[in-house]
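So you can see what is in the structure, the chains are spelled out below.
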Amino acid sequence: MQNTNIKKRLFAIGCIVFTYILFMGIGYAFFSESLTINGVASTVDYYQGDKLPVEAIIRDTENNRYYTADAEKNHVVFDSESWQDDTYNLIMKKEVGVVIGEKTITYVVTFKNPTTTTFTNGTINAEITKNTNNHIKEVSGSLSKKEISPGEQADVLFTIRSNFLTNYGEDSVKATITYTYQNKPRYFYFIVDYIN
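As the structure is a prediction and not an experimental result, all values here were calculated from the model. (Residues numbered from 1 in each chain as written. Predicted model: local features only at pLDDT ≥ 70, side-chain atom pairs only at ≥ 80, totals over all residues. Heavy atoms only, no water.)

**With respect to the packing of aromatic side chains**
Stage number 1. Enumeration according to the criterion identifies 14 aromatic pairs in this entry.
Stage number 2. Aromatic side chains Phe-158 and Phe-190 sit 5.2 Å apart centroid to centroid with 70° between the ring planes, which places their arrangement in the edge-to-face category. Of the two residues, Phe-158 is situated in strand β8 (residues 153–162) and Phe-190 in strand β10 (residues 184–195); the sequence distance between them amounts to 32 residues. Considered together, Phe-158 and Phe-190 belong to a single accessibility category, that of buried residues.
Stage number 3. Members of the aromatic cluster, joined through ring pairs, are Tyr-66, Trp-83, Tyr-88, Phe-111, Phe-119, Phe-158, Tyr-179, Tyr-181, Phe-188 and Phe-190.
Stage number 4. The ring of Phe-78 has Arg-65 lying over it, and the distance from NZ or CZ to the ring centre is 3.7 Å. (Phe/Tyr/Trp six-rings, centres within 6.5 Å; stacked < 30°, edge-to-face > 60°. Helix = DSSP H or I, 4+ residues; strand = E, 2+ residues; numbered from the N terminus. Buried < 20%, exposed > 50% of the residue type's maximum accessible area, 1.4 Å probe, protein only. Lys NZ or Arg CZ within 6 Å of the ring centre and 35° of its normal.)

**With respect to the sheet that holds strand β3 (residues 76–84)**
Stage number 1. Spatially, β3-β4-β10-β9-β6 is the arrangement adopted by the five strands of the open sheet, whose pairing is mixed. Here the strands that pair on one side only, and so sit at the sheet edges, are β3 and β6 (120–131). On average, each strand axis in the sheet is tilted by 15° relative to the strand beside it, whichever way the strands run.
Stage number 2. The pairing of strand β4 (residues 87–94) with β10 spans seven bridges and is parallel. (Pairing = 2+ DSSP bridges. Axes fitted to C-alpha atoms, helices over the stretch in contact; angles between N-to-C directions.)

**Some remarks on empty space enclosed by the protein**
Stage number 1. One pass over the full model with this rule turns up one cavity of 30 Å³ or more.
Stage number 2. The space that makes up the largest cavity amounts to roughly 40 Å³.
Stage number 3. Every residue lining the largest cavity is listed: Lys-73, Val-76, Lys-103, Ile-105, Ile-160, Ser-162, Phe-164 and Tyr-194.
Stage number 4. Counting residues per element, the ones that place at least two in the lining of the largest cavity are β5 (103–112) and β8.
Stage number 5. Grouping the amino acids of the lining of the largest cavity by side-chain chemistry returns five nonpolar, one polar and two charged. (1 Å grid on protein atoms, 1.4 Å probe; cavity = no way out; pocket = protein on both sides within 12 Å on 5 of 7 lines; lining within 4 Å. Points joined across faces, edges and corners; volume = space filled by probe spheres on them. Nonpolar A, V, L, I, M, F, W, Y, C, P; charged D, E, K, R; others polar.)

**Observations regarding a nonpolar patch on the surface**
Stage number 1. Together, Ile-13, Val-17, Tyr-20, Ile-21 and Met-24 make up a nonpolar patch on the protein surface, roughly 540 Å² of accessible area in all.
Stage number 2. Within the secondary structure, Val-17 is located in helix α1 (residues 2–35). (Patch = residues over 30% accessible without salt bridge, like charges linked within 9 Å, V, L, I, M, F, W, Y side chains within 5 Å. Areas by Shrake-Rupley, 256 points an atom, 1.4 Å probe, with all protein chains shown as cover. Salt bridge = Lys/Arg side-chain N within 4 Å of Asp/Glu carboxyl O.)

**Remarks on the layout of surface pockets**
Stage number 1. Taken as a whole, the largest pocket encloses approximately 270 Å³ of empty space.
Stage number 2. Lining the largest pocket are 17 residues, with Tyr-67, Ala-69, Ala-71, Glu-72 and Met-92 sitting closest to its centre.
Stage number 3. Breaking the lining of the largest pocket down by element, the ones donating at least two residues are β2 (67–69), β3 and β5.
Stage number 4. Across the lining of the largest pocket, the residue classes break down as nine nonpolar, four polar and four charged.

**A look at the pairing of β5**
Stage number 1. The buried count for β5 comes to seven of ten residues, which makes it a mostly enclosed element.
Stage number 2. Of the strand pairs in this sheet, β2 and β5 are connected by three bridges, and their pairing is antiparallel. Directly across from Thr-68, in β5, lies its bridge partner Val-108.

**Topic: the nonpolar core**
Stage number 1. If you look at the biggest cluster of nonpolar residues, it comprises 32 residues, and the most contacted ones within it are Tyr-107, Phe-111, Phe-190 and Val-192.
Stage number 2. Those elements that place two or more of their residues in this core are β3, β4, β5, β7 (136–143), β8, β9 (171–181) and β10.
Stage number 3. Per element, the largest residue contribution to this core is five residues, and it comes from β9.
Stage number 4. In contact with Val-192, not counting residues within four places along its chain, are Asn-89, Leu-90, Met-92, Tyr-107, Phe-158, Ile-160, Asp-171, Ser-172 and Val-173. (Core = buried A, V, L, I, M, F, W, Y, C linked by side-chain atoms within 4.5 Å. Contact = heavy atoms within 4.5 Å.)

Here it is in structure tokens:
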């Protein structure tokens, strides 16, 4: 009699477990469509902050420099350059003997889009930031591409019209390059300093 009671209990427990598993399976099958999480997994790096992620390109391979220029001004010579993250800084030295005479020079730097997403809506804004004795007359800039696909290169052209009467004083100009990247404006800066 006791054996029969144990068998009945085991049978009842088995039925309950079977019914529970059956309902769980039916419930999962019924709701599986609504339980699906729709979305896209992304392996794209996300950049925070405002800087445009760029890769510097050496343009003047003979002198191992980032920039090239379409002209030069006598006694205004290359001093140094640096490319740190989102800023390229070119320093030109005004030597003794610089003579009066207006000159327009276009400096060009090139960078590459090292990301997996296209840079869009490219613009450039040029400004005079320091102008001792009104040596800098006018600045302007242009971009070779408004959109830069992954792996592509683009040129930044920075044109400066100046008239250095003497080597006295320091002057500085700045171009702010803006591209939309990951739905946000990002910036790259091109600065030219004239020192004595």
